[in-house]
Amino acid sequence: MSAPDRVDQPTAVFKTLAPRTPEDDAEKPAEESIPEPAESEESTESAPEGEPEGDRLKQAVAAWVATAAKTDEDGDEADGEAEDGDESGDEPEGRADTEAPETPETAEAPEAVEAPVEPEEPSGAAGAAEDAEEPVKAPEAPVEAPKAPEPSWFAAKKTAEPAAEAKPEPEEKAAAPRAESPVDQPTTMFRAVRPPAPAAPAVDQPTTALKLPRDLAGPGAESDSERTSTFVPLRPDIPAEQKAAKTPAQTPAPTAKPTPTPTPASTPKQAPKPTPAKATVPAPAPAPALGEPERTRQQPLPPLPPLDLLAELTNTPPPPPNAWRTTLRRVRIWTPLVLLLLIVFAIAQMVRPLPAPVLKLSGTPAYTFGGGALQMPWPGEGQGAVEVEGVGSMGTYGAQKPAPIASVTKTMTAYVILRDHPIKGKQKGPEITIDKKAADQAKAVHESTAAVKEGQTYTEKELLQLLMIPSANNVARLLARWDAGSEQAFVDKMNAAAKDLGMTQTRYTDPSGLLDSTVSTPKDQLKLAKAVMQYDVFREIVDMPNATIEGVGYIENNNSRLLLKPGVSGIKTGSSTPAGGNLLWSANTVVDGKTRRILGIVMGAQNAEQLSKKLELSLDYSYELIKKAQDDVTSASVVKKGQVVGYVDDGLGGQTPVVATKEIKAVGWPGLKVKLALTDGGKAVPHSGKAGDVVGTVSIGEGAGKVSAPVALQADLVEPGFDKKLTRVS
């Protein structure tokens, strides 16, 4: 069936809007309203100025009545046009059932309904414009025919309207419909036809721009299955007013479409009730362009816990917690931390400096000579001691308590003089003048002196000979004054020297020993003997049985009888009533081709009637001890060549053996226990080395009797391995 002819219907001038009622919305729920274009007011006022408004309205009503008879025959076509009206209802410019302009006369007009009309053939440009447009709106269901109103009432009303309210209409829209007998019909809303806009054809605007249509995307656009997602950052919402101001040029202006003239229905139907007037609402903002991305107004949610997020991504709920899962989770969490700590610990252990290697003895660090215990012929009175220099003590006897030592005190006097004024080689030392006091004391009867005269000069060595051989007290006091300025000052120096030598039980009160307040012990005197025998000039003097001094003459040693014995070499005698007979002696013995010095002292020999006899008794006691010591002092092979004497300890448990490079013989006597010492010889032990490298020294004894031999590595010395470095604690 061909579409009915459309007729350009002039639009009446209405001043007010007819609001919709809830009943109208209930009857047409599927209809969509189209907003009234902004140019509607201008269109309604475009009537031609030359033609009165009443005549023009009559002609329009007559045309509507003429077409009412065809309503029944064209019902199906009206339904089709209604569907087209629904499709075009999405246009942003038109809503036929929202707001209708109305004059004061329309408020009093009878009820009317909108119905599709079959307009006649249009003429001129107006007809061409109508052919290019579709009807704005059509009802989805047939509506009841309006009641026929009285024609005289409507015509009288319209003719009474002033002609000044009508406005001219463009010539292309002034085509008159076919003349029919005028019939007064209910007033409806008519819409003036607008000329087509030069803009692009209207496009149906979706409420939400989800994707760009293929015809706008271009021929090279991807298909729906090939489309890839694009991340669009959130942007702040733009107010509707600003959006409407920015996008009017982008939205094509819809073309005004004429409202078809309603046709009376073949059977009368109940007309809808008039709706109250509604206030004019502003045109809604145009929909966003299709190319504009959709904006979201939803705020981002807070991040989920890791397990919940993982469960959401994998679309599986988290497993219920239990003891096994909790333990497993803790193992997974703590295992990397423990491994990291172990790695850090291993690195720290590897970069830590290695401990310094040290030499340590292996086995027993001592050696005991065979032959049983030593049996020395100790005197039955007094006290004394014997010692092999560099080896050790052969024993002591007596109380070992401080006692007067008489002229043995002169040994300390000689030591202080030689310490402060040493004499080397063939030197004799500075010359010293005899003062008056020394000359006067030379005449004393109850003490041993040297016959010196005032003004004489003697060398230091000569005065030392007078001090030690005849034991001259006046010379001891002279040397004290020469060295320290006064006798008391010199005594102070003597006590200081004793303290330095470790003579803790010795006290000196005079430089000669005449006073019985000067006391000492055998062990302390042996300490002094070892120190003073280090001076060559002193050993030479005390080993002289007699001497001749110019100005004094011949002098003889008090122990000359003993000094003539083999191996006896001094040192000093001393006798007084409180002290008895005393002798500090020195003897030598040869062991393995080397001379060994034996030192001893006998104090407090009192078993005689005369003082000279007491001194002779001390000489006899001393000689018995000297002979026994010379006989029993021997040597023994303590360390053999190639014997393992110790090892190098690297500090981490590693031990590399070391061996002696030659034989070591120790000096001793029966029952003597000697100690071995393994030292680095003053050089640091290396962390690595080859077999045979010398790394230290093994020694036996001390002082002059000390014997030693180098030690070397028995095997290669290597640094500790990775396992030892890793497991070390300290």
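Anything mentioned here points back to the structure above.
Analysis parameters
Residues numbered from 1 in each chain as written. Predicted model: local features only at pLDDT ≥ 70, side-chain atom pairs only at ≥ 80, totals over all residues. Heavy atoms only, no water. Helix = DSSP H or I, 4+ residues; strand = E, 2+ residues; numbered from the N terminus. Buried < 20%, exposed > 50% of the residue type's maximum accessible area, 1.4 Å probe, protein only. Areas by Shrake-Rupley, 256 points an atom, 1.4 Å probe, with all protein chains shown as cover. Axes fitted to C-alpha atoms, helices over the stretch in contact; angles between N-to-C directions. Parallel < 35°, antiparallel > 145°, perpendicular 65-115°, else oblique. Contact = heavy atoms within 4.5 Å. Nonpolar A, V, L, I, M, F, W, Y, C, P; charged D, E, K, R; others polar. Pairing = 2+ DSSP bridges. Polar contact = N/O pair within 3.5 Å; in protein donor to acceptor, adjacent residues only side chain to side chain. Salt bridge = Lys/Arg side-chain N within 4 Å of Asp/Glu carboxyl O. Core = buried A, V, L, I, M, F, W, Y, C linked by side-chain atoms within 4.5 Å.

A few points about the overall build of the protein
Within the protein one finds 20 helices and 22 strands. Residues counted as buried form 42% of the 730 residues belonging to the protein. Accessible surface, the protein as shown: approximately 39,100 Å² in total, 55% of it carbon and sulfur.

Description of the packing of helix H13 (residues 460–468) against helix H14 (residues 473–484)
It is the contact of H13 with H14, at a shortest axis distance of 9 Å, that shows an interaxial angle of 140°. Between H13 and H14, the crossing angle belongs to the class labelled oblique. Contacts between H13 and H14 involve Glu460, Leu463, Leu464, Leu466 and Leu467 from the former and Val475, Ala476, Leu478, Leu479 and Trp482 from the latter. Grouping the amino acids of the contact of H13 with H14 by side-chain chemistry returns nine nonpolar, no polar and one charged.

Looking at the sheet that holds strand S14 (residues 580–591)
Spatial strand order, S6-S5-S15-S14-S13: five strands in an open sheet with antiparallel pairing. Edge strands, defined here as strands with exactly one partner in the open sheet, are strand S6 (392–397) and strand S13 (568–576). Between one strand axis and the next, the sheet turns by 10° as a mean value, whatever way the strands run. Lying over the sheet, helix H16 (residues 522–532) contacts strand S5 (383–388), S6, S13, S14 and strand S15 (594–605), oriented at roughly 145° with respect to S15.

A closer look at the side chain of glutamine 525
Relative to the assigned elements, glutamine 525 resides in helix H16. Its relative accessible area of 0% is what places glutamine 525 among the buried residues. Here serine 520 takes part through its side chain, which lies 2.9 Å from a polar atom of the side chain of glutamine 525.

Remarks on the pattern of salt bridges
All chains considered together, the criterion is met by 17 salt bridges. For the salt bridge of aspartate 435 with arginine 481, the shortest nitrogen-to-oxygen distance reads 3.0 Å. With a gap of 46 residues between them, aspartate 435 in the loop between strand S8 (431–433) and helix H12 (436–441) and arginine 481 in helix H14 connect regions that are remote in the sequence. Owing to a relative accessible area of 25%, aspartate 435 belongs among the partly exposed residues under this scheme. If you follow the salt bridges from partner to partner, you end up with Arg419, Asp420, Asp483 and Lys493 in one network.

As for the nonpolar core
Met412, Leu463, Leu464 and Phe538 are the most contacted members of the largest nonpolar core, which has 53 residues in total. Secondary structure elements with two or more residues in this core: helix H11 (410–420), H13, H14, helix H15 (487–500), H16, helix H17 (536–542), strand S11 (546–549) and S15. The leading source of residues in this core is H11, at six residues. Apart from residues lying up to four places away in sequence, leucine 463 is in contact with Ile432, Ile434, Tyr458, Val475, Leu478 and Leu479.

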